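Residues per chain are reported as follows:
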Amino acid sequence: MNATEAAEPAGWRPPHWVVPLFGVAALLLVPWVVLLVVVLPSAHRAAHWDIAWAGFDVMLALLLLTVAVAAWRRSPWLEGAATATATLLFVDAWFDVLTSSTRAEFVVSIGEAALVELPLAILCLLLARDAERRLRVPSVSPSASARPSLRLVREQEAAEPIGDADRLSA
């Protein structure tokens, strides 16, 4: 095994265009962020503010439920669900703190961020990391570029039920 093979993770590799696309997108956001900071007002009244926040919290609740169900079922979806939930928890903490309009709202949002949202986000990331480690498929061959081979197995076409064992019942 050479140094290149040792450095590369085994398994799936993204298409060659992913790195340049996302790198350029990140670089293009820098001047956009500067423009927003310079041009946008510090305060803005928004229509449907209540619906925006309620919708965000509904999505967060659904993701929290998804993490619970995925963990309960030991599903490979746990990694993605926990990562998405952590992301929304970080975003929720960020916007709660920055959109506080009174001192009391600010204190409550800092408390929620420090005691609930950020610790739960970190826990979600730890769950995602643990799920990724446990669900990683070990390489069959010493070569890091070896892909697992899958084959389809046909079911018996004319399988006869044995007694009542194959019958569904309510």
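The preceding data block contains the structure.
A. Main features of the side chain of aspartate 92. The residue aspartate 92 is located in helix α4 (residues 78–98) in this model. Non-local contacts of aspartate 92, meaning those with residues more than four positions away in its chain, are made with Trp53, Phe56, Asp57, Leu60 and Glu117.

B. Representation of the packing of aromatic side chains within the structure. This model, assessed by the stated rule, comprises two aromatic pairs. Between tryptophan 49 and tryptophan 53, the ring centres sit 6.0 Å apart and the planes meet at 70 degrees, which makes this aromatic pair edge-to-face. Highlighted residues: tryptophan 49 and tryptophan 53, both in helix α3 (residues 49–73), separated by four residues, approximately one helical turn. Residue class for tryptophan 49 comes out partly exposed when judged on its relative accessible area of 45%. On the numbers, 5.9 Å between centres and 70 degrees between planes, the contact of tryptophan 53 with phenylalanine 56 is edge-to-face. Taken together, the residues span about one helical turn, with tryptophan 53 and phenylalanine 56 both in helix α3 at a distance of three residues. Linked through ring pairs, Trp49, Trp53 and Phe56 together constitute an aromatic cluster.

C. Inspection of the nonpolar core at higher detail. Counting residues in hydrophobic clusters, the biggest one holds 16 residues, and the most contacted among them are Val67, Leu78, Ala82, Leu88, Leu89 and Cys124. Elements with a contribution of two residues or more to this core: α3, α4 and α5 (103–135). Not counting chain neighbours up to four residues away, the residues in contact with cysteine 124 comprise Ala82, Thr85, Ala86 and Leu89.

D. Region of interest: unusual backbone geometry. For histidine 48, which is not glycine, the phi torsion reads 65 degrees and is therefore positive. Its place among the elements puts histidine 48 in the loop between α2 (18–39) and α3. The phi angle at arginine 74 is positive, at roughly 55 degrees, despite the residue not being glycine. For arginine 74, a relative accessible area of 74% gives the class exposed.

Definitions and cut-offs
Residues numbered from 1 in each chain as written. Predicted model: local features only at pLDDT ≥ 70, side-chain atom pairs only at ≥ 80, totals over all residues. Heavy atoms only, no water. Helix = DSSP H or I, 4+ residues; strand = E, 2+ residues; numbered from the N terminus. Contact = heavy atoms within 4.5 Å. Phe/Tyr/Trp six-rings, centres within 6.5 Å; stacked < 30°, edge-to-face > 60°. Buried < 20%, exposed > 50% of the residue type's maximum accessible area, 1.4 Å probe, protein only. Core = buried A, V, L, I, M, F, W, Y, C linked by side-chain atoms within 4.5 Å.

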